[in-house]
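# Tertiary structure, described
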Amino acid sequence: MNFRQVVIVTGGNTGIGYETVLALLKKNAKVYLGARNEEKAKAAIEKLLAASKAPPSNLIWLNLDLGELSKTRKGAEEFLSKEEKLDQLYCSAGVRAPE
């Protein structure tokens, strides 16, 4: 049996989040890359898959905008519609202070 962790990494398209995603892919995790900008997320996904040699099914863009609660909720609902569990959550995206 091949147990695979299911993980969300917020801000996974740049910086520490990107490096976290890369390390997780190399360990055969199924990673949801949380980012609000689809173009930037897909560019990062392309690079991450090439660098990790992971199958495309191991890395999925999760439309996740932490700056607006309704959009954050929508991202969570999208994840829950696809997965039964979440093993790990890495929060590396910035959140702007409420006004």
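The paragraphs below set out a description of the structure included in this document. (Residues numbered from 1 in each chain as written. Predicted model: local features only at pLDDT ≥ 70, side-chain atom pairs only at ≥ 80, totals over all residues. Heavy atoms only, no water.)

Take the nonpolar core next. Taken as a class, soluble globular proteins show a tendency for nonpolar side chains to be buried jointly. Core analysis: the largest hydrophobic core is formed by 19 residues, its most contacted members being Val21, Leu25, Val31, Leu33, Leu48 and Leu59. Those residues in contact with valine 21, other than ones at most four positions away along the chain, are Val9, Gly12, Val31, Leu48 and Leu59. Counting six residues, the second-largest nonpolar core is a separate cluster that includes Val6, Tyr32, Leu62 and Phe79. (Core = buried A, V, L, I, M, F, W, Y, C linked by side-chain atoms within 4.5 Å. Buried < 20%, exposed > 50% of the residue type's maximum accessible area, 1.4 Å probe, protein only. Contact = heavy atoms within 4.5 Å.)

Taken together, the four strands give an open sheet; going across it, the order is β3-β2-β1-β4, and neighbouring strands pair in parallel fashion. Whereas interior strands pair on both sides, the edge strands pair on one side only; in this sheet they are β3 (59–63) and β4 (88–91). Shown here is a sheet whose adjacent strand axes are inclined to one another by a mean of 20°, direction ignored. In this sheet, β4 lies alongside strand β1 (residues 6–10) in parallel orientation, the contact comprising four bridges. Looking at β4, one finds that threonine 10 is bridged to cysteine 91. (Pairing = 2+ DSSP bridges. Helix = DSSP H or I, 4+ residues; strand = E, 2+ residues; numbered from the N terminus. Axes fitted to C-alpha atoms, helices over the stretch in contact; angles between N-to-C directions.)

As far as function goes, none of this settles anything; it's purely spatial.
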